[in-house]
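Single-letter residue listing:
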Amino acid sequence: MQSRNDTLLWMYEHMALSRYYEERIKAAYMIGKTPLFNMANGPLPGEMHLSNGQEPCAVGVCAHLGPEDFVSAGHRPHHVAIAKGVDLPAMTAEIFGRSTGLSGGQGGHMHLFDPAVNFTCSGIIAQGMGPAVGAALAFKMRGEPHVAVAYVGEAAVNQGAWHEAMNLAAVWKLPFICIIEDNGWGVSVSKAASTPVPRNDIRAASYGIPGIHVPDNDTLAIHAAAGEAIARARAGEGPTLIEIETSRLEGHFMGDVEAYRPDGEKDALFARDEIPRFRAMLIEQDIADEATVASIEESGRARVDEAFDHALGSPEPIVGEALATVFAESEEL
Amino acid sequence: MQSRNDTLLWMYEHMALSRYYEERIKAAYMIGKTPLFNMANGPLPGEMHLSNGQEPCAVGVCAHLGPEDFVSAGHRPHHVAIAKGVDLPAMTAEIFGRSTGLSGGQGGHMHLFDPAVNFTCSGIIAQGMGPAVGAALAFKMRGEPHVAVAYVGEAAVNQGAWHEAMNLAAVWKLPFICIIEDNGWGVSVSKAASTPVPRNDIRAASYGIPGIHVPDNDTLAIHAAAGEAIARARAGEGPTLIEIETSRLEGHFMGDVEAYRPDGEKDALFARDEIPRFRAMLIEQDIADEATVASIEESGRARVDEAFDHALGSPEPIVGEALATVFAESEEL
Amino acid sequence: MTATSILLAPPKPAKQRKISIAKAITEATAQEMRRDPSVFVMGEDIGLFNGVFGMTTGLLDEFGAERIRDTPISETAFISAAVGAAAVGQKPIVELMFVDFLGVCFDAIYNLAAKQSFFSGGNVTCPMVLTTSVGGGYSDAGQHSQCLYATFAHMPGMKIISPSNAYDAKGLMVSAIRDPNPVIVMAHKALQGVGWLGTVKRTIVHVPEDLYTIPIGEAATVREGSDVTIVGWASTVHTAIDAADLLKDRGISAEIIDLRSLVPLDIDAVLASVRRTGRLIVVDEDYANCGIAGEVIAQVSEKAFRDLRSPPARLAYPDMPPPYARVLEQSAIPSADGVVKIVMEMIGDEQH
Amino acid sequence: MTATSILLAPPKPAKQRKISIAKAITEATAQEMRRDPSVFVMGEDIGLFNGVFGMTTGLLDEFGAERIRDTPISETAFISAAVGAAAVGQKPIVELMFVDFLGVCFDAIYNLAAKQSFFSGGNVTCPMVLTTSVGGGYSDAGQHSQCLYATFAHMPGMKIISPSNAYDAKGLMVSAIRDPNPVIVMAHKALQGVGWLGTVKRTIVHVPEDLYTIPIGEAATVREGSDVTIVGWASTVHTAIDAADLLKDRGISAEIIDLRSLVPLDIDAVLASVRRTGRLIVVDEDYANCGIAGEVIAQVSEKAFRDLRSPPARLAYPDMPPPYARVLEQSAIPSADGVVKIVMEMIGDEQH
Ligand SMILES: Cc1ncc(C[n+]2csc(CCOP(=O)(O)OP(=O)(O)O)c2C)c(N)n1
Ligand SMILES: Cc1ncc(C[n+]2csc(CCOP(=O)(O)OP(=O)(O)O)c2C)c(N)n1
Ligand SMILES: [Mg+2]
Ligand SMILES: [Mg+2]
């Protein structure tokens, strides 16, 4: 059992690491895409959904999880994958489409699977809800103390799959937690334009389970709320719904110029960036001194740089081998 | 504008007519299906979902509707179709698969379409939600005072389509009403086994709209609740969710022996049948005398008998013509 | 060498143990559940109700509500839950009551279950079985009578089995449960042995009590013949048998291939037969356009073109939703007479 | 007599009015919205964002938020709402952002919209258009790069168009909006003129400003030839053109048929061409199994068997989800070289 300070430092370490990770992804992504932006070009093609600003949602929850606990994320998965402990070099190689990637480059950044830490993500809105509920069911049937967590965005809550999975988890009282990362936007559609209620934690009442609202992207508040929810789940008391007010500091995907954002909204989000605020708190409250924090940041950057070196140094996949994984080999019956 | 008494008599007339209609369907359905029950046999093959017991949900709501108002029902549609004013001979011919049916026998009892009164139904759970929301949208866009009503069972509320449609109707503030007929069962699965909350009107809070619960299959209470909801909708004040406690007096479909029902449950439902209770009330409160009520019942039976005579006297569809309706003729462009 | 169907060579024990497809599938499920605690079943009305088509009869009594789970009407939730459960080591069997309902949960099937192995580079498998009931013929109209075989077959990552008799049903179901991939079990309502429907008698055959497997992806010869190859599966195997009997009276010897599995497709068995007979007709109760029948014809035309003496033919469901009225529906379903007519034309045309 | 594609005979006005497919579809939508107040658009990010693929650029400014409606991420709700709106006289256009998302709303499409006319005996039509974007080639991986043409085509009751150039796109879109049936508009991302992707230049052709229609169900000849018929649509028309150029260098004259519509399928145009050339290859970017290519091959084998000098062939997407890594994805997409290789083998085999 970690001390509280260790936990706070672990959370800061992974927020800072995640932010640096996205900055490196961003830089790599833009290679070959200027002056004319074409998503197909460069060493890192395809859609790219960065998680800058949403790091607190990842670390505040995953600080309570072990490798057997199941987590599903969505199309914006990097921060959660990092906090859940996904193999960083293999994840990076996957994002660059290399043979050493988590799935040999077949999945890409929206399809990161790491069975060693029961992490998965997907590109269809709310698609990860059901699998997390199913993992929670498996844990309950086997009498294991693990929990399953599904991350979705605030706009995903209006997808039918979300409702069905919440209902199933609740009626079966499963060790399941739904984390709603409310960054206010579903691509260009505001929460107000898609959702008739101001807060989705209200919707927990539809399932007879606790609904918690965490304002202001506050790491400590997220950590506290998730801690209670996960303890309840492990104790067999059923699911919890947590909506977190967070910030999307980048466009919906790389290339999105965000013309739809009201003026000044973005500046306010940057002004309220949790990472520097949390850093200042650590030092203010003597949880760590400047040097310690700096070295944590340093070692995080080093881990990320290693992961990128590994990825970029890895060969591309061998054409022809992918077909073999459409079906898993059936053992002798 | 009808007088209150006229309305009460209209509601009784259509409940009694609907019950007699189902009794005749039931008798016709069993022809050729005994001693060995085979759904394929007899003059009325296929699945048959009778509405006996749920008549109050139909008349209490439809008493407020005109022909332009849109209604979608589900797989158990007869009572609603009758209350909405669907052409009875054509509906009956459709159920018997005759050429004079609403759709020439192509649809059958789960696919009754009568554009003259904007009635539709379908066999996929909660599938009628979206079309009703869409009709409500059309009415709003055209500035028409009409409303759209979707009927679903209590078990349909756990289908994703239900949630999505409720959310859309609410965020667009459409003239839409969702009527949940809570008969306690989804085929053999009890409400408690499928829904973690005791009452679905609670779920209205997820959409920021009024949720009304009507206990005890009470025609007058349904009529009052629906009246308010429909008035709100016509006034542009948005959707309402109404859950009605009702009774399924037959099996889920004909042939269902209901082994899953707790002992005595069925007897209690019959003891609490709303039709005789409503009849007694009419006479007690001097809304009508025995003779008047009897003649209303008589004329209802006559209408039903005529409809059956029409249907059974109609020719079968002509093979080869159905294909022509897969696509509607495109006019000259 | 193509396998031989039990319909061609029924065993001759004095006392045969004849059961229906539904019972055979239930038996396979029960026996695998006894062997393997990770196997469990989810679906609508599969508990006390024994499944609308009787595919879980008695399982609740033996295994209890933890492993035989009635679900809410939330197909997307329980099918995608099966994918998650499979990802962490369970072996779920889920029932999609009618195949017609796939539209409300197809994402969980084709985009999630079917792609888990591929997306994970083979590191996370998806050992689940999805059972469903297909087909019409009893006037259940356009949302309860479809087959939709090709809707699944078009999407990579799922295996599909569709048995024509109880013996195959048990052996294929055991293979499906043990397979590390999603396997779709498409049972035809006219063959299944549904309590409230008739059943084609020929489907009720001897089924050994002991566990056995039939490999997924292996077709079987139902009848040997020399003039024409009739390809079918599930219900259309029986249409083919009836047609072959009628053709025999006209002096035409038909060979019948039962595909048994639709994915993987045993095209070699079809090719081998067509090379002998020189003629092909495929009978398919699913919509014609982009169906399995068209795929078989395309592959045979690509791979055995010069062995064909006549144009290949198919008899499939017309591209129209199943109509309710009996006369309309019955006229739409591929019939033995329809097969005979096509075969006679095929052979007739060769004369001039 | 098969129609002629603008790609075969481009008009020669001094100043051509060249626009992209996306702009052509937007223009058709705007012009029909001006003519007909019942036409409106619903979808995700179609307002201020102009549609992720730019198919509604500027429409919000002109028509306002009542008729250009951004929706929640609730495809089942807004697509089935379109069906209800159509039933009471509106003419909705709904955008399903990526075709890959059909799994979350397929019931509303195939079981509701596509069957409304049939279930109502033709009394209630469903005049709606569903626009969607298909195809890959830019490493968007397995849930954002599929084509799924056949998934729609297998189901009766929907028309399907998939243009290869801007001129066809406008004319077909106008026909789609005026059609009383559900029409699926499948625009290929590599052709569409997406702001954040490259575009095949050949798709950007002269488009008259005035309204005009192209009949749904009519193929067009893109190039005349005598040795082999290459059938394609959308992206594979351009694959075919590139292949035809390469074949020309080898002295082989290829005829190219652009299907333009997938349902109804103009099989007569294909048959007429094959009767001339005696050879057929179909190029399809959708999964091979039970795809459009297989259907075309099956119909040609059934109807023009004796006109074929060689076995018909197809080059389709392998039966595997689109892989992310560029090398893997690019090797999976049908290429001009792949077509050439197959055609050369086809002709070569005939020699011995
Ligand atoms: C079923 C489905 N519909 C639409 C999309 C396209 N899409 C991808 S992300 C997105 C917005 C999601 O918003 P939100 O859930 O709030 O997550 P965020 O992007 O804000 O993190 C949309 C519409 C999709 N991937 N899946
Ligand atoms: C999507 C879907 N899933 C399952 C079914 C099968 N089914 C038909 S009716 C029914 C039960 C519906 O219960 P409820 O909604 O309460 O209506 P009731 O039958 O009680 O009137 C089920 C499961 C279906 N038609 N559609
Ligand atoms: Mg968001
Ligand atoms: Mg019910």
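In this report, the structure presented in the accompanying data block is examined. (Residues numbered from 1 in each chain as written. Chains lettered and ligands numbered in written order. Predicted model: local features only at pLDDT ≥ 70, side-chain atom pairs only at ≥ 80, totals over all residues. Heavy atoms only, no water.)

### With respect to the pattern of salt bridges
Thinking step 1. Taken as a whole, this structure holds 82 salt bridges over all chains when the rule is applied.
Thinking step 2. The salt bridge partner of B:K26 is B:E250, with a shortest N-O separation of 2.8 Å. With B:K26 in helix 1 (residues 4–30) and B:E250 in the loop between strand 8 (240–245) and helix 9 (265–271), this residue pair connects regions lying 224 residues apart in the sequence.
Thinking step 3. Residue B:K26 is classed as partly exposed on the basis of its relative accessible area, which comes to 26%.
Thinking step 4. You can call B:E250 buried: its relative accessible area is 13%.
Thinking step 5. C:D179 is the salt-bridge partner of C:K159, the closest N and O atoms lying 2.8 Å from each other. Here C:K159, found in strand 7 (residues 159–161), pairs with C:D179, found in the loop between helix 7 (166–178) and strand 8 (183–188); they are 20 residues apart in sequence, far enough to count as distant. When sorted by exposure, C:K159 lands in the same class as C:D179, which is buried.
Thinking step 6. Here the salt bridges share partners, and the residues they tie into one network are A:R248, A:D256, A:E258, A:R261, A:E265 and A:K266. (Salt bridge = Lys/Arg side-chain N within 4 Å of Asp/Glu carboxyl O. Helix = DSSP H or I, 4+ residues; strand = E, 2+ residues; numbered from the N terminus. Buried < 20%, exposed > 50% of the residue type's maximum accessible area, 1.4 Å probe, protein only.)

### Some words on the coordination of the magnesium ion (ligand 3)
All names here are of chain A.
Thinking step 1. Each protein donor to the magnesium ion (ligand 3) is listed here as E154 (OE), N183 (OD1) and W185 (O); together their distances run 2.1 to 2.2 Å.
Thinking step 2. Linear spacing of the donor residues for the magnesium ion (ligand 3) on their chain is E-x28-N-x1-W. In this pair, E154 sits in the loop between strand 3 (148–153) and helix 6 (160–171) while W185 sits in strand 5 (residues 185–186), placing the two residues 31 residues apart along the sequence.
Thinking step 3. The exposure class of W185 is buried, given its relative accessible area of 12%. (Donors = N, O, S within 2.8 Å, 3.2 Å for Na, K, Ca; no water.)

### Re the coordination of the magnesium ion (ligand 4)
Thinking step 1. Distances from the magnesium ion (ligand 4) to its protein donors, B:E154 (OE), B:N183 (OD1) and B:W185 (O), fall at 2.1 to 2.2 Å.
Thinking step 2. Expressed as a motif, the donor residue spacing for the magnesium ion (ligand 4) is E-x28-N-x1-W.

### So, helix 3 (residues 75–87) of chain C
All names here are of chain C.
Thinking step 1. Helix length check: helix 3 (13 residues) gives 18 Å between terminal C-alpha atoms against 18 Å at 1.5 Å per residue, within 8%.
Thinking step 2. For helix 3, the tally of buried residues reaches 12 of 13 residues, placing the bulk of the element in the interior.
Thinking step 3. Residues of helix 3 that are buried include every one of E75, T76, A77, F78, I79, S80, A81, A82, V83, G84, A85 and A86, and no others.
Thinking step 4. At the C-terminal side of helix 3, G89 shows a positive phi close to 110°. (Expected span 1.5 Å × (residues − 1).)

So far we have only geometry, and geometry alone does not tell us how the molecule works.
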